[in-house]
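# Geometric and topological summary
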Amino acid sequence: MKRLIDFYLTAMKFAVQKSFQYRLQSFFYLFTMFAEPVIYLVVWSTIAKQQGGSVGGYTVGGFAAYYITWTLLRNMNVARSPGDWEWRIQHGSMSAELLRPIHPIHNDVTDFAGWKLVMILMWLPIAALLALIFKPTLHPTWFQILIFFFAAWGAYLIRTVLMSLLGMITFWTTRVGAIYDLYFALELVLSGRLVPMPLMPTWVQHLANFLPFQWTFYFPINALTGSPTPAELVTGLGIQLLWFLGGLGLVNLVWHYGIRRFSSVGN
Amino acid sequence: MKLLRLAWNYLKIGVASELQYRVNFFIQLFHSFVAVATGLIGLALVFNYTSELGGWSRPELLAVMGIYILIGGVINSAIQPNMNRLLREIQDGTLDFALIKPVDGQVLVSVREFRFWSLTDVIAGLAVLGVAVAQLQTRVGLWQALGFLAALLLGGIMIYCFWLILTSVAFWVINIDTMVDLFQGLYAAGRWPISIYPGWLRIGLTFLVPLAFAVTVPAEALTGRLTVLTLVGAAGLAVLLMALARLVWRMGMRKYSGASA
């Protein structure tokens, strides 16, 4: 355990240094990330204004708070993408990672975790600018902020296991672009990434309750910007933990069988 | 003439090499299907709560979405693959091989790649557009159709110029892998009519990123909103951007030193 903690600290430090090297690259990336929620925000605040100030319980300021928090959460829940998995399995760079005396997924987790710390620093000024322009209404309690902190890391871990599961499909078929497409479309609609869940038709909300997606977007964002009860917040964290542990079990299982099929196609 | 023949030959090579991988056709078809489906879901959500968005009705917004997907298909098949290759070759220093050919460098780097299967997006876009036009209250006359085609062509040219300028930045800073994501992030704004965005953003999306001219203006033509002045403005901006792209390209050429060679 101590060895693993050492590895995490050192690898994250390394990832922080790496992210500082390509600042222009990171800046472009952030800019891209902001484009998506700003579009949603503009569309939904236009509708809220047309409807006399609010839609489905969200005011113009409420939407601003939701989508600006969205940008922070998106930074937090970025994980090693299935495309990266596909690349390293196809090109065989997985071989080098297998030589290390540690499971490759630890490296994925630390790499992105360190990168996030740098990104949040760069995120601050842009978020402040957005807040000036769109004037969010945001009054979280300390408890909400605390839960948000944990829920954001929870979202990252859940997404890491989901993305790894998708990525590992590449062990069996070397091209899975179509499956990723479908996954990201489902996530867009069922996670609260496109619109806050309460704006979705009731049956979609019911469906989402049985799926992991909303715990990676809607739950953390709502924990900070909505008005959930303390009980709901704690239960939410618990459900996040369950999804993470279940996913982790699956990752181990799929890895166990998948790695036997690995033959580094490219080399 | 010689350049046109060159472009035509590269197009044929591109199509031929794509035809080797037929399964990709179905993958691309599925990709287009998912894109249309998520677009329709977004529209349905909006119209769950309102009957018009910033003065645009449902079929009109459907037309905007059709054009957005259509232009996206043109970008994915003809513009983006070329610009990606250019970016990679600037980084690796292998652009030398293109530059020593006895033709204009800018033309050559712009026509070398063609992703035939990505045209499924063009077809999907046309289908959505067809449905939208059928639902429109007003009839689309000959002038509207001509205005639409002209606006679409001008928009395509402007997107190409904009992307070439962006890619040419690599001559100075070398490592900008995220350029594609940057462009796609910005392009996503074209899903909705530019007029719904706040003033500063609208100006940026019109003159800095010529997205307004690529998607919204053709849609204006179809829905009877286009004025002659806008079309002339689009033509003027297209010429200006072409000149600017040429200038940046030539400055980049002077800067290029074959990074790894």
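Structure shown above.
Residues numbered from 1 in each chain as written. Chains lettered and ligands numbered in written order. Predicted model: local features only at pLDDT ≥ 70, side-chain atom pairs only at ≥ 80, totals over all residues.

The biggest cluster of nonpolar side chains holds 137 residues, and the ones touching the most others in it are Met158(B) and Leu211(B). The element that contributes the greatest number of residues to this core is helix H3 (residues 58-92) of chain B, accounting for 18 residues. (Core = buried A, V, L, I, M, F, W, Y, C linked by C-beta atoms within 7 Å. Buried ≥ 20, exposed ≤ 12 C-beta atoms within 10 Å, placed from the backbone. Helix = DSSP H or I, 4+ residues; strand = E, 2+ residues; numbered from the N terminus.)

On to the packing of H3(B) against helix H6 (residues 119-135) of chain B. Residue and element names in this part refer to chain B. Between H3 and H6, the shortest axis-to-axis distance is 7 Å and the interhelical angle comes to 165 degrees. It follows that H3 is roughly antiparallel to H6 by the angle criterion. Seen along the crossing, H3 lies across H6 with a hand that is left-handed. Of the residues in the contact of H3 with H6, the class split is 17 nonpolar, seven polar and one charged. (Axes fitted to C-alpha atoms, helices over the stretch in contact; angles between N-to-C directions. Parallel < 35°, antiparallel > 145°, perpendicular 65-115°, else oblique. Left-handed = near helix turned anticlockwise from the far one by under 90°. Nonpolar A, V, L, I, M, F, W, Y, C, P; charged D, E, K, R; others polar.)

Tallying the contact residues gives 28 residues for chain B and 28 residues for chain A. The element contributing the most residues to the side of chain B that touches chain A is helix H2 (residues 23-49) of chain B, with 11 residues. Among the residues making up the side of chain B that touches chain A, the classes are represented as 18 nonpolar, eight polar and two charged. (Contact = placed C-beta atoms within 7 Å.)

With that settled, consider the environment of Val215(B). When you line up the elements, Val215(B) lands in helix H11 (residues 211-222). Taking C-alpha positions, Val215(B) is 19 Å from Gly141(B), a pair spaced 74 residues apart along the chain.

All names here are of chain B. Look at H3: 48 Å from first C-alpha to last across 35 residues, which is about the 51 Å you get at 1.5 Å a residue. At Asn 76, H3 is bent by approximately 45 degrees, the largest bend along its length. Of all 35 residues in H3, 27 are buried, a share of seventy percent or more. One or two positions beyond H3, positive phi appears at Gly 93, with a value near 80 degrees. (Expected span 1.5 Å × (residues − 1). Bend = angle between axes of the 7 residues up to and from the residue.)

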